[in-house]
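Chain and residue survey
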Amino acid sequence: MRRLLGFLTLSALLISAPAVANELDDLIAGGTANDGVQVTLTGELVGDFSPRSEGIWVQLNVDPYVDAPLLETGKLAGTNNGIGAFLPSDLFDEGWGEPGGYRNRGPVVTLTAIFRYHDPRFQGETYLDVSAVTLVTPSVPLEQAPSSTMLVLGLAAIAAAGLIHFGTGGFKRLVRKFS
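In this text, all values refer to a predicted model and were calculated from it rather than measured experimentally. (Residues numbered from 1 in each chain as written. Predicted model: local features only at pLDDT ≥ 70, side-chain atom pairs only at ≥ 80, totals over all residues. Heavy atoms only, no water.)

Quick notes on the side chain of Ser 50
Assignment of secondary structure puts Ser 50 in strand S1 (residues 38–51). A polar atom in the side chain of Ser 50 sits 3.1 Å from the side chain of Asp 48. When sequence neighbours within four positions are dropped, the list of residues in contact with Ser 50 reads Gly 55, Ile 56 and Trp 57. (Helix = DSSP H or I, 4+ residues; strand = E, 2+ residues; numbered from the N terminus. Polar contact = N/O pair within 3.5 Å; in protein donor to acceptor, adjacent residues only side chain to side chain. Contact = heavy atoms within 4.5 Å.)

Now the structure itself:
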């Protein structure tokens, strides 16, 4: 029964988050056929900026959350979709701000780059070899107002999980123990 409930919950989450195809999906799906193709993609720099001796590694996300961050909208719009990008050091500007994360929308940039598929130069990495960067918007912090609805739903989920795990009698004993 628990496995069925877990499967149904996971299925509901996956169904509620629609897949969004984009140019990056097509580029990666083409694989070797697209190796060496010049592309221009606009997206959000997320994760971290990783300096190396030859340049800076970044992660470019090109999903719907670039324009509508989940923290601002509260609406699922598919999965995160991105690709690593390698920028020569002279193209990187620390003035762009912090990379994106849950509480911060990273800089939105337009990259012109060569798509590299399983490049032996970087141990078989698939990435964008960047030749030009244009800053669209710098990094901005995201704020979230407290949501009583989410609190109630969270507490209900905890109660349901406890009920499933402990059964009715065990759950009542647990509640009495902490009351």
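Here we look at the sheet that holds strand S6 (residues 125–137)
Overall, mixed pairing links the five strands, which are arranged S1-S2-S3-S6-S5 in a closed barrel. Each strand of the sheet is rotated relative to its neighbour by a mean of 55 degrees, with strand direction disregarded. Relative to S6, strand S5 (residues 108–119) is paired through 10 bridges, and the arrangement is antiparallel. Looking at S6, one finds that Arg 116 is bridged to Tyr 127. Along the sheet, helix H2 (residues 23–30) makes contact with S1, strand S3 (82–88), S5 and S6, crossing S1 at roughly 90 degrees. (Pairing = 2+ DSSP bridges. Axes fitted to C-alpha atoms, helices over the stretch in contact; angles between N-to-C directions.)

Section: the packing of aromatic side chains
This structure, assessed with the given rule, holds eight aromatic pairs. Geometrically, the ring pair formed by Phe 86 and Phe 122 is tilted, given 5.1 Å between the ring centres and 45 degrees between the ring planes. One end of the pair, Phe 86, is in strand S3; the other, Phe 122, is in the loop between S5 and S6, and 36 residues separate them in sequence. In this structure, Phe 86 and Phe 122 share a single accessibility class: buried. When the ring of Phe 92 is compared with that of Trp 96, the centres are 5.2 Å apart and the planes differ by 75 degrees; the resulting orientation is edge-to-face. There is no split in this pair, since Phe 92 and Trp 96 are both buried. Three or more aromatic residues joined by ring pairs form one cluster here, namely Trp 57, Phe 86, Phe 122 and Tyr 127. (Phe/Tyr/Trp six-rings, centres within 6.5 Å; stacked < 30°, edge-to-face > 60°. Buried < 20%, exposed > 50% of the residue type's maximum accessible area, 1.4 Å probe, protein only.)

Some details on a nonpolar patch on the surface
Side chains of Leu 151, Leu 155 and Ile 158 sit close together on the surface and give an oily, nonpolar patch of about 330 Å² of accessible area. With respect to the helices and strands, the residue Leu 151 is situated in helix H4 (residues 148–178). (Patch = residues over 30% accessible without salt bridge, like charges linked within 9 Å, V, L, I, M, F, W, Y side chains within 5 Å. Areas by Shrake-Rupley, 256 points an atom, 1.4 Å probe, with all protein chains shown as cover. Salt bridge = Lys/Arg side-chain N within 4 Å of Asp/Glu carboxyl O.)

As for the pairing of S1
Bridge analysis of S1 against S5 gives seven bridges, and the strand direction is antiparallel. Of the residues in S5, the one forming a bridge with Leu 41 is Leu 111. As paired elements, S1 and strand S2 (residues 55–61) share five bridges and run antiparallel to each other. Its bridge partner being in S2, Val 46 is matched across the sheet by Gln 59. The antiparallel pairing of S1 with S2 creates a hairpin that spans three residues between the two strands.

Comments concerning the environment of Val 62
Within the secondary structure, Val 62 sits in the loop between S2 and helix H3 (70–73). A sequence separation of 17 residues divides Val 62 from Leu 45, and the C-alpha atoms of the two residues are 9.1 Å apart.

Description of unusual backbone geometry
Phi at His 118 is positive, roughly 50 degrees, even though this residue is not glycine. Position of His 118 relative to the elements: it lies in strand S5. Accessibility expressed as a relative area gives 44% for His 118, which makes it partly exposed. Unusually for a residue other than glycine, Gln 123 sits at a positive phi of about 50 degrees. Within the secondary structure layout, Gln 123 lies in the loop between S5 and S6. Judged by its relative accessible area of 74%, Gln 123 is exposed.

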